[in-house]
Amino acid sequence: MSRRAILAIDEGTTNAKAILISQDGGIISSGTAPVPIEHPQSGWVQQDAGKIWQATQDAISACLVAAPDTEIVALGISNQRESILIWDRQTGAPLGPVITWQCRRTAEACNALKAAGHEADVIARTGLPLDPLFPPTKAAWLLENHGTDTSDVCIGTVDSWLIWKLSGGHVHATDRSNASRTQLFNLAEGRWDEGLCKIFGIEASMMPDVHDSAHVFAETQNVEALPDGIPIASAIGDSHAALFGHGAFNPGDGKITFGTGSSVMTTIPEFIAPPSGITTTIAWSIDGNSTFAFEGNILVSASILPWTAALLGLPDVDSLMELAQSVDSTQGTSLVPAHVGLGSPHWNSEARGMISGLSFGSGPAHIARAAAESIALQVYDVFAIMTAAANGIGRLSVDGGPSHNTFLMQMVADYLDHSITPCRNAEVSALGAAYLAGLSTGFWKNLEEVGRLADHGPEISPAIAADVRKDRLEIWGKAVARTLASIY
């Protein structure tokens, strides 16, 4: 007798994953395939759309081989956000590369728009500042450098590309969470904004149709790895999917996702233009109702660990973390990982990494600890603004690879002065996409049923002395100020 399951596709920056999830929320099987990243110039980061699609199919095939007696009820998509591509609507051929969220090639274009006085209006409509992290200047670059003479071009984030490919090239669509990250979607009005499109030089007709996150976009058609007729029943940005996977359904509930970068999110009851330093976004939408969230995006998070390990001549991150734990403080040393600029709350693409506060008493262990602490301290900078704007934060969950390191998560709880709850399941973004697909097809009945599926470990509470915390936050603030001052 075959098992019934939801297939979740989690297309990330470095890997495509496919995961089969049973009705009790358990993972039946999974498959993964690497996605290459290209760096054609300093600060440029891009990928090949064809290779993303091939990696997705390879991951699906590996997942299904491991669970042959499974009936796929529906399919959900979780995707890397802010990465953008264009393709020919008639042939389906990509036009140029996928410009990823990490790419800084449009920094000058963003600065020009700021100088022209557009930023306040853009933030008021989209909740997002002018920064090369966001897609519209990238889409404009693609149209200028790789567009055709016709207007028959599709612009889409990675979820739109996957929906297009999974539907056999018949459906150009996205969900509200991904649309909200394009900086072309008016959050208050829930539509593509013609005024914003004009500012960025983009035709609104090129953008995808926008639907709920829990929505049957199409059915699979002519996909090598899958049979025809499977409902494509959800799409959601990966960080939003993680928030949903944690069951953060109450206003004030939040999560921190640790990865290459980090995302700090907390739900809010309605659209609120964000205070300086953080953004407002649509977390997800169900039955025509959008749930909003504050968010802060940190550009360099766990990726600082292998870099520091290599700098210190250590074989791996485990060795670095062991060295970091051999001292009880950094002795005033700080490492600000602004290697590709600083994201939230500073939004400065010109900043670069800095190690400061060195003395003759400083050694490799202090630098190792400073690298680990930088992950927690960057989250603090975002969290402090978010807490004030949201009038407090409720349950705070954590996920991503680093969330399984107790030493690091204790530092997060200490510097935030707030308890955190790790998720036992490493695939929480995939779970969020699966839950939404299950809701849109009746696999799960309601949010209450979905909320009972979340699997969290023991809570980690703050355990640092108040004066030690205060001193360390002051040292960190000065280090960030030095980093920002060094670019002028």
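Relevant structure appears above.
Residues numbered from 1 in each chain as written. Predicted model: local features only at pLDDT ≥ 70, side-chain atom pairs only at ≥ 80, totals over all residues. Heavy atoms only, no water.

A. Structural view of the packing of aromatic side chains. Scanning the entire structure with this criterion turns up eleven aromatic pairs. Relative to W444, the ring of Y435 has its centre 5.4 Å away and its plane inclined at 85°; by these criteria the two rings are edge-to-face. Judged by its relative accessible area of 1%, Y435 is buried. An aromatic cluster is present here, built from W87, W161 and W164 joined pairwise through their rings. Its guanidinium or amino end placed over the ring of W141, R105 lies 4.6 Å from that ring's centre, counting from NZ or CZ. (Phe/Tyr/Trp six-rings, centres within 6.5 Å; stacked < 30°, edge-to-face > 60°. Buried < 20%, exposed > 50% of the residue type's maximum accessible area, 1.4 Å probe, protein only. Lys NZ or Arg CZ within 6 Å of the ring centre and 35° of its normal.)

B. Spotlight on the packing of helix α12 (residues 406-416) against helix α15 (residues 466-485). Where α12 contacts α15, the two axes come as close as 10 Å, and the packing angle between them is 90°. Between α12 and α15, the angle falls in the class roughly perpendicular. On α15, the residues touching D414, Y415 and L416 of α12 are R469, R472 and L473. For the contact of α12 with α15, the class distribution of residues is three nonpolar, no polar and three charged. (Axes fitted to C-alpha atoms, helices over the stretch in contact; angles between N-to-C directions. Helix = DSSP H or I, 4+ residues; strand = E, 2+ residues; numbered from the N terminus. Parallel < 35°, antiparallel > 145°, perpendicular 65-115°, else oblique. Contact = heavy atoms within 4.5 Å. Nonpolar A, V, L, I, M, F, W, Y, C, P; charged D, E, K, R; others polar.)

C. Quick peek at α12. Within α12, nine of the eleven residues are buried, leaving the element largely enclosed by the surrounding structure. For α12, every residue scored as buried is listed here: F407, L408, M409, M411, V412, A413, D414, Y415 and L416. In the core, the buried residues of α12 are packed alongside β15 (254-258), α10 (317-324), α11 (364-389), β21 (396-399) and α15. Residue D417 follows α12 closely and has a positive phi angle near 55°.

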